[in-house]
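Here is how the chains run, residue by residue.
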Amino acid sequence: MEYLPHYSVLNREAVDYLVENAKDGDWFSDLTFGAGGHTFALLQRNEKFNVLSFDQDPEAYKNGMELIEKNKVGDRIKFANTNFRNFDEVVKEKFGEDFEGFMGVVVDLGVSSHHFDKSERGFSFRFEGPLDMRMDTENNELTAEIVVNEYEEDELFEIIKTYGEERFTRRIVQNILEERKKERITTTKQMENICFHSYPKNMRHGGIHPATRTFQALRIEVNQELQVLTDVLSQLIKWLRPGGRIAAISFHSLEDRIVKHAYKGFTKEDKNLEILTKKPVLATQEELSENSRSRSAKMRVLQRKLDKTEEKG
Ligand SMILES: C[S@@+](CC[C@H](N)C(=O)[O-])C[C@H]1O[C@@H](n2cnc3c(N)ncnc32)[C@H](O)[C@@H]1O
């Protein structure tokens, strides 16, 4: 299996934030290993840093284990092939209840280029593929095919409207219902075709592709992306050491809203937590010229305040 390259978004910015208060021997966590961009950048910043990484995708995990071996960093990294919503459990299992916690956690949300560019994963309407869209192909039984063919009309409407913020949701859902009466919808191209013909003729070309928002919505539902994000953020707080930071990189407004509101809630409940990014950090022009996907990236950083005794100087 060839694991396709992934541009690591806001990499330098995230790592700069996370390492600010760190010392030799500290632990970080990368909740979304992908191609390992953030994990390896942290390990390279200081040869005494350590990282606990997560990825629920078996292909990312396999590739990651090979990279870890090739780069001879096995003694500084622990890697969990599971959903990051199990953070608390994994930390206790790997470090024990007395573990003092992390100096930094990065979460770079969503899918990787590997997902988008491998037709057989079914994330992209650019290629013919099965209507799958699962990141965790081993434990998650819910595929986009099941959502499209077996969900009730009002559930489909809710998903495409809410997660896709799609203007033509009503027509798309009607067309799905009609199509699935004739035959099961099993491929990305069938689904693309339904979306395409649900758009008014004068809006089918030139703007964003008519399938873009529906595919985003299906992906979010299949992987429960918003629920797992909400779940994990509150687990992270408990394991954040004084001076420790969370850098969350999101790619659409639904995710960004969850991060922003969660951070606000945490700082209200706990005076030792503070938001370091009044406005989200965006990609530089230089990054945008190298990677257009960075255009929608927003990073927000939260910190547990340093103990007075640990403050620099
Ligand atoms: C945007 S990519 C991360 C890229 C990575 N930061 C890099 O620089 O190479 C997201 C990765 O996180 C994984 N992922 C997404 N949501 C996850 C979750 N809830 N639990 C574990 N892994 C997840 C995906 O499988 C994917 O490989």
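Residues numbered from 1 in each chain as written. Predicted model: local features only at pLDDT ≥ 70, side-chain atom pairs only at ≥ 80, totals over all residues. Heavy atoms only, no water.

Overview of the site of the ligand
The environment of the ligand is made up of 24 residues, and the closest members are Ser8, His38, Asp55, Phe84 and Asp108. A distance of 3.1 Å separates a nitrogen atom of the ligand from a polar atom in the backbone of Gln56. One nitrogen or oxygen atom from the side chain of Asp108 is found 2.7 Å from a nitrogen atom belonging to the ligand. When its residues are assigned to classes, the shell around the ligand shows eight nonpolar, 13 polar and three charged. (Near = heavy atom within 4 Å. Polar contact = N/O pair within 3.5 Å; in protein donor to acceptor, adjacent residues only side chain to side chain. Nonpolar A, V, L, I, M, F, W, Y, C, P; charged D, E, K, R; others polar.)

Topic: the pairing of strand 2 (residues 50–54)
Counting buried residues along strand 2, five of its five residues qualify, which places the element largely inside the surrounding structure. Across the two faces of strand 2 the burial is the same, with Asn50, Leu52 and Phe54 and Val51 and Ser53 all buried. Regarding the hand of the β-α-β motif, the stretch spanning strand 1 (residues 27–30), helix 2 (residues 37–45) and strand 2 is right-handed. The sheet contact formed by strand 2 and strand 3 (residues 77–80) spans four bridges and is parallel. The residue of strand 3 that forms the bridge with Leu52 is Lys78. Once the chain exits strand 2 it traverses helix 3 (residues 58–70) before rejoining the sheet at strand 3, and the crossover so formed is right-handed. (Buried < 20%, exposed > 50% of the residue type's maximum accessible area, 1.4 Å probe, protein only. Helix = DSSP H or I, 4+ residues; strand = E, 2+ residues; numbered from the N terminus. Right-handed = clockwise from strand over helix to strand, strands pointing away. Pairing = 2+ DSSP bridges.)

Re the nonpolar core
In this structure, Leu31, Phe87, Phe102, Ile176 and Met191 are the most contacted members of the largest nonpolar core, which totals 65 residues. A per-element tally of this core places helix 11 (residues 225–238) first, with seven residues. Counting contributing residues per domain, this core is built from domain 1 (11–114 + 225–310) and domain 2 (119–223), each supplying no fewer than three. Those residues in contact with Met191, other than ones at most four positions away along the chain, are Leu131, Val148, Ile176, Ile185, Thr214, Phe215 and Leu218. Formed by 31 residues, the second largest nonpolar core is a distinct cluster that contains Val15, Ala22, Leu43 and Leu67. (Core = buried A, V, L, I, M, F, W, Y, C linked by side-chain atoms within 4.5 Å. Domains from an automatic or database assignment. Contact = heavy atoms within 4.5 Å.)

Brief notes about the packing of helix 7 (residues 153–164) against helix 10 (residues 212–223)
With their axes 8 Å apart at the nearest point, helix 7 and helix 10 run at an angle of 105 degrees to one another. The angle between the axes of helix 7 and helix 10 places the two elements in the roughly perpendicular class. Counting all contacts with helix 7, which are made through Ile159, Ile160, Tyr163 and Gly164, the residues of helix 10 involved are Arg213, Thr214, Gln216, Ala217, Ile220 and Glu221. (Axes fitted to C-alpha atoms, helices over the stretch in contact; angles between N-to-C directions. Parallel < 35°, antiparallel > 145°, perpendicular 65-115°, else oblique.)

Notes on helix 7
Counted at 1.5 Å a residue, the expected span for helix 7 with its twelve residues is 16 Å, and the 16 Å between its end C-alpha atoms agrees. Those residues of helix 7 hidden inside the fold are in contact with helix 6 (144–150), helix 8 (169–182), helix 10, helix 11 and helix 12 (253–269). Immediately beyond the C-terminal end of helix 7, within one or two residues, lies Glu165, with a positive phi of roughly 45 degrees. (Expected span 1.5 Å × (residues − 1).)

Examining the domain arrangement of the chain
In terms of domains, the chain is made up of domain 1 (11–114 + 225–310) and domain 2 (119–223). The C-alpha-based centres of domain 1 and domain 2 are spaced at 30 Å. The interface is formed by 16 residues belonging to domain 1 together with 13 residues belonging to domain 2. Carbon and sulfur atoms supply 48% of the area that domain 1 and domain 2 bury against each other, a total of about 1,300 Å² over both sides. Of all residues in domain 1, the largest losses of buried area upon contact with domain 2 belong to Gln56, Val111 and Glu225, amounting jointly to 41% of the total for that side. With a shortest N-O distance of 2.8 Å, Arg219 and Glu225 are connected by a salt bridge. Linking domain 1 to domain 2 there are six residue pairs in polar contact (both at pLDDT 80 or more). Only helix 3, helix 11 and helix 12 provide two or more residues apiece to the side of domain 1 that touches domain 2. A per-element tally of the side of domain 1 that touches domain 2 places helix 11 first, with four residues. Counted by class, the side of domain 1 that touches domain 2 contains five nonpolar, seven polar and four charged residues. (Buried area = accessible area lost by both parts, 1.4 Å probe. Salt bridge = Lys/Arg side-chain N within 4 Å of Asp/Glu carboxyl O.)

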